[in-house]
Structure formats: C-alpha cells, structure tokens
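Secondary and tertiary structure notes
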Amino acid sequence: MSKHTYQTGLIGNCAFLAHVHKNTDISWLCWPRFDSTFVFGSLLDDKKGGEFTIRPEEEFTSTQHYLENTNVLVTEVTCESGIYRITDFAPRFNQYDRYFKPLMLIRKIEPVTGTPRIKVKCEPVAEYGKLKLEAQRGSNHIEYVGADSDMRLTTDIPITYIFDDSYFVLNEVKYLVLTYGAPLEAPLVSTSETFLRETVNYWRMWIKYSSIAGFFQQYVIRSALVLKIHQYEDTGAIIAASTTSLPEFDGSGRNWDYRYCWLRDTFYVISSLNHIGHFQEMERYFNYVADISVSEKSRYQPLYRIDGNKKLDESILDYLDGYKGNKPVRIGNQANEHIQNDIYGQVMISIMPLYTDHRFIFRERKDSRMWISSILDKIERTIDEKDAGIWEFRNFANVHCYSNLFQWAGCSAAAKTAVTIGDKELEEKALMLKAKAAAHIESCYDPVRKVYTNAAGSSHLDASTLQLIMMNYLDPASDRAKDHLKALEAELKTEKGLIYRYVHEDDFGKPKTTFLICAFWYVEALACVGRIEEAVTEFEKLMEYANHLMLFSEDVDEATGSQWGNFPQAYSHVGLMNAAYRISMKLDKPIFL
C-alpha cells in the first residue's frame, strides 16, 4: 500500500479558511462562516463540489510552499511550455485600529519561464453542492447569483476567456479576486499587491512577537500559524478542523464534521497559546467559553458552534460521493448530545489564568466567586456519573479515569483561585470534591498490571490516561507514573512510535489508525518522567507524518504512515506545540537565542 497524504495547503484570515490543492483547485471553502455550506467542495465530490482551477493546456507537475512565516501559499506549476506561479491568500492586516479580514480570496498568477497557455475555471456552488450558481457577465467581473449572498470574481483576465472556458497565453501577471457579499470596488492590481504586502507583513510580525523555542522551531511556527487561523475571531471560538467527513481510515464510516469548537479540548489549546505568549487569542477564547458558561445553567455540551449555538443536529448528505468515495458525508455532529464530564474541569483550569496570572488584571473581575461556584456545582452534580468519555463512545457509558482526572484538576484550580480571591468556603468545597475525584481515579487502578485502566471495572487501556502524568496527578518521578507509562507503551504503542487511543472494540469495531495527538501526549509523558532522549527521538519520528507543507492530520495509518481524518487537525498541531515546549523546558532551552 502506498502512503496517502493530503495534497492541499490551508490559507485563512480568521474569518474563513480555504484549501488549495496542488492541482491548483480551491478544493474546500465554506462561506460566509467556517460552518457554512461549501462554495467549493471538490474535496468531497469532484462533480458536485464546484471548481476554481488555474491549469495549463498540457500535463503538469506542481510544488507548493508557504512564504516564510506566513499563511500565504505559493503553488508553482511546471508544464512543457513553461512555468507559472499562483500565490493564494486571504487578506488580513491592521486597518483603522482593527483587523481587516474580508470574505475575499485573492489569487495572483505570474509567469516564471516560457509562455504557458492556461485556463481559469471558476464555478462556485451553494447548499452543499445541490445548487450550481448562475454566472452573470459584467465588464471586468463575473457575478455568481443564487446563494444567500452574491459572489463576484473581479479580474484583469479577459472575461470572455473565463466565460468561454478557453485557454490563453500567460505573458504577464494576472489577478483574480473572489468576494462574498461586498464586491471589490477599488483598483484591482494596486489593491491586490497592497493586500499581499500587508498580509505578509502581518503574519511575519505575528510570528516575530511569539515566544517560540528553538526545538524543531519551523514545525512549531507552522503549527502556531495553523492554530491561529482556526480561530473564528468574531467570537473567539477555535474549531477542531476546517473540514467535514474526511474518514478516520479508508472505508471506516467514521466520517465526522469537525467545524466546531470542542470545550473538552480547551485546556490544551489555551496551554499552547500561553506557551507562545499570545494573550489576545487566549482572551478571545476565554470570552467565548465564558459566554457559554454563563448561558448554560445545567450541563455543558462537549462542543458548540462558533457562535456558541448548541444546535448541531447531525444529518447525512447522501448525494455527495465523499472523500475518495468514503460515505457518509455528515454535517452537524451528534456528539453534542453526549455526556462528557471532563468538560467542567477543562473549563475551570482554562479560565484559572484570568484569576491567578498577574498578566491579566484579575482584581477587575467581580464575578470570580459566581464563576468558580457555578462550575464546582456542575462538577458536584456529575462527579459520580457515568459518561461517554473523551472519545465520545456513542452506545455505552463508564466512570472514566480521564473524566475524573479533569474534575480533579478543575477542583485543584478552583481551590487555588479561591485562595487568590480569599474565599475559604469555596476552597473547602473544591478540596472536598478533589478528594472525591481522586477516589474515582483510584478505582481505575489495576495493582497487578500496575496501570490505570480507562474506566472503573474495565481492563482496557487508554492513551488519554497519559494525562495522569502530565497533569501531575501522578508524580512524574514516582514508580507508579513510570510503571503506568510502561504498561501503556506495551499495549498501545506501535513500532514506529505512533499511539492508538485504545485497541478494544467500540461502536464501530476496532480502530485501524492511530490518533496523532496521543503520540504527542506520549512524547510529553516521556519528557515528564525524565526519559528526555527518548522523547526527542519519538518527536523526531512524528515529523515524518506531516504532508509537504508541514501540516498534520488527525489520524495516521501505522502500516503505511498515511494521513487520515479531518485535515489539518488543529489539535494535532496543538499537541505538537505542547510537546515541543515540554521538551524545550526539560532541555533548559525554553527560548531560542
């Protein structure tokens, strides 16, 4: 079997995300929001997904690279008659004391050598491919009508060539600007060049002001850039991935919509942003979580829409072929109905910096007691309850070790915050619940195998329990932590350093691919227990599973090293960032000099 990798790069501006395939197609773009219908979706259906390509007359090869330290992507196409370059980007920069981030995709096409003949095809769709938009010809633009808002392609390429689907010789730089809603009314060439220059400057400055360690720094920089554009800036939400229904492995049926914000991953995301010193993004995300927390009187859902909406009804689009024929294509996510009780602890430890980190002015926060009390109440109500666990089992519930670990950690954070604000009653309640959570965790311990199982009364092992070491529930220097890690290695680790979430059967049978973030957790755990050289070696191995642009997927096939799952996966990149930071701190090289 050959190795399968995703042949796309990602561009975005914190208002939208787009995938640019090596074949020049915009193979995925949802407008006007991350979770809206795709307007280009050939990633899931070649025929119904629309098309936006810039291809030569002859056979061609192509390469892709990002302009250094940016989210600006360059695709270079080589054919018999010459070479040309496409620069794709989503404008983003400071303007009038705020960020300019329009629903605008700019494609700059420039000849490099020879006289290639190219054809531009732009055919957006709506309603997830059910509706092909009508193209209406203007003097220097094409209007696409039929969706909720019109789209406009403004260009200095003769409109006739695009309308007639004909080739033309590329002998000078040309521009294509596709907009949603508000059209481009400014001069095309100078505006495109200004937007490109300002966008490049913005991204390079953003990286310059990041605290990024020297260990595998290029990969961490790319991961930071990926994570940044997964934040929907309008609300602060950070989504798991820009795509839906890319299967966990070929023919698996495990095809999920990941264009939402999982509260249960809040701690990992906040940690990664904290490590690189980006407080603005942290604060936006805090505010998003805070808005949800205030509005939710009883339970938190595991995930929410980017506007905080709870409604994520799952449906199947059976008319779409699916990625490489993998059906079903799903929109929405039934996991919003699941009970996952780690969430309350996740939220508590994520919000703690607002009250304990002196870089945030916590004395201005009058609602501290209400906050902590409401989350502790939620922990108290759910601490003895069975749940679906971190992996969202659809048909069975347990007292999961991981869920109680985060309740334990949340109570620890609440106690610490209560001390900061001088509330003894709250501190005592937090410590009482912390002890209760610890008792549940200990009920998962197998003294014969010297390992914590995934749930009370279960013999199954689970990579999520690596967090017992990273969260300092187990002293990393203790024999218990080292024995636990060895037992997990023996059962879940592959020869190539990849880690299965678990190897027992779930609702869909046995998993056939490894979960990439678990491998990064393993690296962190190795560093925690002092096995630093092994941590570095295992981290290096994982870098082989990136695509040609240092982008990582959700899942990796152990046998072939193939990428599967939604892509790029923000949480895989978060895992990389946190593992690199952990190793850098252990190597005593936290800042690159």
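This report concerns the structure included in the present document. (Residues numbered from 1 in each chain as written. Predicted model: local features only at pLDDT ≥ 70, side-chain atom pairs only at ≥ 80, totals over all residues. Heavy atoms only, no water.)

Moving on to the packing of helix α13 (residues 516-528) against helix α15 (residues 570-586). Put simply, α13 and α15 touch, their axes get as near as 8 Å, and they point 10° apart. With respect to α15, the axis of α13 lies roughly parallel. Of the two possible hands of crossing, α13 and α15 adopt the one that is left-handed. Residues Leu 516, Ile 517, Phe 520, Val 523, Glu 524, Ala 527 and Cys 528 of α13 form the contact with α15, whose own contacting residues are Tyr 571, Ser 572, Gly 575, Leu 576, Asn 578, Ala 579, Arg 582, Ile 583 and Lys 586. Residues belonging to the contact of α13 with α15 are distributed by class as follows: 10 nonpolar, 3 polar and 3 charged. (Axes fitted to C-alpha atoms, helices over the stretch in contact; angles between N-to-C directions. Helix = DSSP H or I, 4+ residues; strand = E, 2+ residues; numbered from the N terminus. Parallel < 35°, antiparallel > 145°, perpendicular 65-115°, else oblique. Left-handed = near helix turned anticlockwise from the far one by under 90°. Contact = heavy atoms within 4.5 Å. Nonpolar A, V, L, I, M, F, W, Y, C, P; charged D, E, K, R; others polar.)

Counting across every chain of the model gives 36 salt bridges. For Arg 152, the salt bridge is made with Glu 143, and the minimal N-O distance between the two is 2.9 Å. Here the two residues Arg 152 and Glu 143 agree in accessibility, since each one is buried. In this structure, the salt-bridge partner of Lys 228 is Glu 233, at a minimum N-O distance of 3.9 Å. (Salt bridge = Lys/Arg side-chain N within 4 Å of Asp/Glu carboxyl O. Buried < 20%, exposed > 50% of the residue type's maximum accessible area, 1.4 Å probe, protein only.)

Moving on, we come to the side chain of Thr 191. Tracing the backbone through its elements, the reader meets Thr 191 in helix α2 (residues 188-208). Thr 191 sits in the buried class, given a relative accessible area of 11%. Aside from chain neighbours lying at most four places away, what touches Thr 191 is Leu 184 and Ala 186.

Attention now moves to the layout of surface pockets. Quantified by volume, the largest pocket comes out at close to 680 Å³. If you go around the largest pocket, you meet 24 residues; those closest to its centre are Phe 267, Ser 271, His 275, Met 470 and Met 471. At 6 residues, helix α4 (residues 266-275) tops the list of elements feeding residues into the lining of the largest pocket. Here the second largest pocket defines a volume of roughly 430 Å³. What lines the second largest pocket is a set of 23 residues, and nearest its centre among them are His 21, Asn 23, Ser 42, Leu 43 and Asp 46. Of all the elements, strand β5 (residues 51-56) adds the most residues to the lining of the second largest pocket, at 3 residues. Grouping the constituent residues of the lining of the second largest pocket by class yields 4 nonpolar, 12 polar and 7 charged. (1 Å grid on protein atoms, 1.4 Å probe; cavity = no way out; pocket = protein on both sides within 12 Å on 5 of 7 lines; lining within 4 Å. Points joined across faces, edges and corners; volume = space filled by probe spheres on them.)

One finds Phe 52 and Phe 539 to be the most contacted residues of the largest nonpolar core, which totals 197 residues. Looking at which element gives the most residues to this core, the answer is α13, with 12 residues. Apart from residues lying up to four places away in sequence, Phe 52 is in contact with Thr 24, Asp 25, Ile 26, Phe 40, Leu 105, Arg 107, Val 120, Lys 121, Cys 122, Leu 153, Leu 176 and Leu 178. (Core = buried A, V, L, I, M, F, W, Y, C linked by side-chain atoms within 4.5 Å.)

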